[in-house]
Amino acid sequence: MATATVECPECGAELQLDEGSIKGEIISCSDCGVDLEIISVKPPKVELAPEEEEDWGE
Amino acid sequence: MDFSDQVQLLQGLLEQYSPSREESGAVAYLVAAMAALGFEAQRDEAGNAVGVLGSGPDTIMLLGHIDTVPGFIPPQIIDGKLYGRGAVDAKGPLATFVAAAAETGPLPGARIVVVGAVEEEAATSKGARHIAATWPRPTWCIIGEPSGWDRITLGYKGRVLVHYTFSRSMSHTAGQERAAAETAVDFWNQVRHYATHYNQDRPGMFDQLDPSLRQIQTSSDGFEEKVEMVIGLRLPTELTVASVEADLDHMAGPARVTFSSEEPAFKAEKNNSLVRAFLGAVRAVGGTPRFTVKSGTADMNIIGPHWGGPIVAYGPGDSTLDHTPQEHLELAEYRKAIEVLAQVLRSL
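Residues numbered from 1 in each chain as written. Chains lettered and ligands numbered in written order. Predicted model: local features only at pLDDT ≥ 70, side-chain atom pairs only at ≥ 80, totals over all residues. Heavy atoms only, no water.

**Let's talk about the sheet that holds strand β9 (residues 158-169) of chain B**
Residue and element names in this part refer to chain B. Threshold: Note: two strands are recorded as paired if DSSP finds a minimum of 2 bridges between them. Labels follow the DSSP assignment, with helices taken as runs of H or I lasting at least four residues and strands as runs of E lasting at least two, numbered in each case from the N terminus. For helices, the fitted axis covers only the stretch in contact; all axes are lines through C-alpha atoms, and the angles between them, taken along N-to-C directions, range from 0 to 180 degrees. The contact criterion used is simple: two residues touch if any of their non-hydrogen atoms lie within 4.5 Å.
The antiparallel open sheet is built from four strands, whose spatial order is β10-β11-β9-β12. Single-partner strands in this sheet number two, and they are β10 (210-220) and β12 (256-263). Each adjacent strand pair in this sheet contributes to an overall mean axis angle of 15 degrees, direction not counted. One ladder, built from six bridges, connects β9 with β12; its direction is antiparallel. Residue pairing for β12: T165 is matched across the bridge by R256. Lying over the sheet, helix α5 (residues 180-199) contacts β9, β10, β11 (224-235) and β12, oriented at roughly 15 degrees with respect to β11.

**Considerations on the sheet that holds strand β3 (residues 26-28) of chain A**
Residue and element names in this part refer to chain A. Spatially, three strands are ordered β3-β4-β5 in an open sheet, and the strand pairing comes out antiparallel. The two strands at the open ends of the sheet, each matched to only one other strand, are β3 and β5 (45-48). Each strand axis lies, on average, 45 degrees off the axis of its neighbour in the sheet, ignoring direction. Across four bridges, the pairing between strand β4 (residues 35-40) and β5 is antiparallel. Across the sheet, L36 pairs through a bridge with L48, a residue of β5.

**Focus: the pairing of strand β15 (residues 311-314) of chain B**
Residue and element names in this part refer to chain B. Put simply, the test is: Partly exposed describes any residue whose relative accessible area lies between the buried limit of under 20% and the exposed limit of over 50%, with all areas from a 1.4 Å probe on protein chains only and scaled to the type maximum.
On β15, burial covers both faces: I311 and A313 on one face and V312 and Y314 on the other are all buried. Alignment of strand β7 (residues 140-144) against β15, held across four bridges, turns out to be parallel. By the bridge assignment for β15, G144 is matched with Y314.

**Let's talk about the packing of helix α1 (residues 3-15) of chain B against helix α9 (residues 331-347) of chain B**
Think of two packed helices as two axes; the pair is described by the angle between the axes and how far apart they sit. Residue and element names in this part refer to chain B. For the record, the criterion: Each angle gets one of four labels, with under 35 degrees taken as roughly parallel, over 145 as roughly antiparallel, 65 to 115 as roughly perpendicular, and the rest as oblique. All amino acids are sorted into three groups, where Ala, Val, Leu, Ile, Met, Phe, Trp, Tyr, Cys and Pro are nonpolar, Asp, Glu, Lys and Arg are charged, and the leftover types, Gly among them, are polar.
Between α1 and α9, the least distance of the axes is 11 Å, while the angle of their chain directions is 105 degrees. Classified by the angle between their axes, α1 and α9 sit roughly perpendicular to one another. Each of F3, Q6, V7, L9 and L10 in α1 lies in contact with α9, whose residues at this interface are L331, Y334, R335 and I338. In the contact of α1 with α9, the residues fall into seven nonpolar, one polar and one charged.

**Focus: the interface of chain A and chain B**
One frequently used descriptor of interface size is the decrease in accessible area upon assembly of the parts. What counts here: Joining two parts hides part of their accessible area as seen by a 1.4 Å probe, and the buried area is that hidden amount summed over both. By definition here, a salt bridge exists when the distance from a side-chain nitrogen of Lys or Arg to a carboxyl oxygen of Asp or Glu is within 4 Å. The definition of a polar contact used here is a pair of N or O atoms within 3.5 Å, where within protein one atom must be able to donate a hydrogen and the other to accept one, and adjacent residues in sequence count solely through side-chain atom pairs.
Facing 17 residues of chain A, the contacting portion of chain B comprises 30 residues. Overall, the association of chain A and chain B removes approximately 2000 Å² of surface from exposure, summing both partners, and the carbon and sulfur fraction of that is 44%. Area buried by chain A at its contact with chain B is led by E53, D55 and E58 of chain A, which between them contribute 37% of it. Put simply, D55 of chain A and K294 of chain B hold a salt bridge, and the shortest N to O gap is 3.4 Å. Linking chain A to chain B there are 17 residue pairs in polar contact (both at pLDDT 80 or more). Take the side of chain A that touches chain B: its biggest share by element is four residues, from strand β6 (residues 52-55) of chain A. Classifying every residue of the side of chain A that touches chain B by side-chain character gives five nonpolar, two polar and ten charged. By the bridge criterion, four bridges tie β6 of chain A to strand β14 (residues 290-294) of chain B in an arrangement that is parallel. Of the residues in β14 of chain B, the one forming a bridge with E54 of chain A is V293 of chain B.

**Brief notes about the environment of V114 of chain B**
Of note, V114 of chain B is situated in strand β6 (residues 110-117). Remark: the alpha-carbon pair of V114 of chain B and F97 of chain B, spanning 17 residues in sequence, is separated by 6.8 Å.

**Some details on the domain arrangement of chain B**
Residues and elements named next belong to chain B. Applicable threshold: Either an automatic procedure or a domain database provided the assignment from which the domain bounds are taken.
Here the domain parsing of chain B yields domain 1 (3-156 + 265-347) and domain 2 (158-263). Summed over both sides, the interface of domain 1 with domain 2 buries roughly 950 Å², with 61% coming from carbon and sulfur. Ranking the residues of domain 1 by area buried against domain 2 places A265, S295 and T297 at the top, with a combined share of 49%. Seen at the junction of domain 1 and domain 2, the total is one salt bridge. The closest approach of N and O atoms between E263 and R129, which form a salt bridge, is 2.7 Å. Taken together, domain 1 and domain 2 are joined by two residue pairs in polar contact (both at pLDDT 80 or more). Residue assignment for the side of domain 1 that touches domain 2 shows that the elements contributing at least two residues are β8 (151-156), β13 (266-267), β14 and α8 (300-307). Looking at the side of domain 1 that touches domain 2 residue by residue, the classes come out as six nonpolar, five polar and three charged.

**Observations regarding helix α2 (residues 24-36) of chain B**
Residues and elements named next belong to chain B. To be explicit about the condition: Helix span, as expected, comes to 1.5 Å for every residue beyond the first. The arc in question is the one spanned by the directions pointing from the helix axis to the C-beta atoms.
The end-to-end C-alpha distance of α2 is 18 Å, a good match for the 18 Å that 13 residues give at a rise of 1.5 Å each. If you check which residues of α2 are buried, you get A26, V27, L30, V31, A33 and M34. Along the axis of α2, the buried residues cluster in a sector spanning 165 degrees; they form a single face. Turned more than 90 degrees from where α2 packs its buried face, S24 and A36 sit exposed. Trailing α2 by a residue or two, G38 shows a phi angle of about 100 degrees, which is positive.

Pasting the structure below:
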């Protein structure tokens, strides 16, 4: 069951946060596919999730 | 433990030179250090240092490695940097585990297990394999490798070593027969082409197949000439070890190929309570969390697929200093990593 709507900061799409969403959860934008981190549930807020960097080494 | 004790813990560990298969002095040191901090500590059957703090239904496994590559670097602090073999890879992360667990103390409902595993650098990964075989799956697992204090490592590429051997009867070099060495070079070029073809439309390092020519040598007894070659392959998550080996076996034709040091690539999920704990902890210590994936391999390649649960690799240090004569750890970063990890342990 959707409880809140947030806007994707990358493409502006409206996303539904499911009931049970938790702070720190990483979701994907259904339109552009970018990873988003739920920064806050109340009020609902998402930001771009930390990017994956690539390192040469262990 | 105050910070000087935490630095002494690491410096003492660096003084115990411990290249792979010569870890016993370092293991004895770490077992004694953990026991003094209240852990139930012992050396296990594989030679690993194992310390358990607290008890409960959940287990937080902190699995570092205590061996290093060869080449002793006298431990010393210069301008806030602690130099020493293993300062980054990976005694710094291992000491961070012990210091953070000691800082939090026993947790309600969970036991913290710190392992200093042997033979990670030897490619046998004897210590990690023993832990995987003898311990039940923990609730959360953190592998001790340098990520930087504000970064979380999610994955490591896989690896396979290809041992190529081809022999043929001697012929005059002025003749039309191709020399054994030329046949080996042809194979190497085929492998490079195979990788280049696979890597088309895959711009990211982690998604690519990377071949490297490690060794090539020829020999002759006057009747037969022989060429031996070793090729290293770094594998992406989309390729299995078996599929790559089958392709190379087919390419090799009459030559003999065998394989060793086989590890599949592994990439952890990032939507779980462990990753969330790290994101929050890095922010709480004043950083902006980042994720990373690595071109190398680590014990995570063994433990991750085996246990399956939430897992990351974490530890202070700049991994570009791994295995270098300049290996050192910024003490300020060591402190921050201890703070981050202690915060993670409290929030799980």
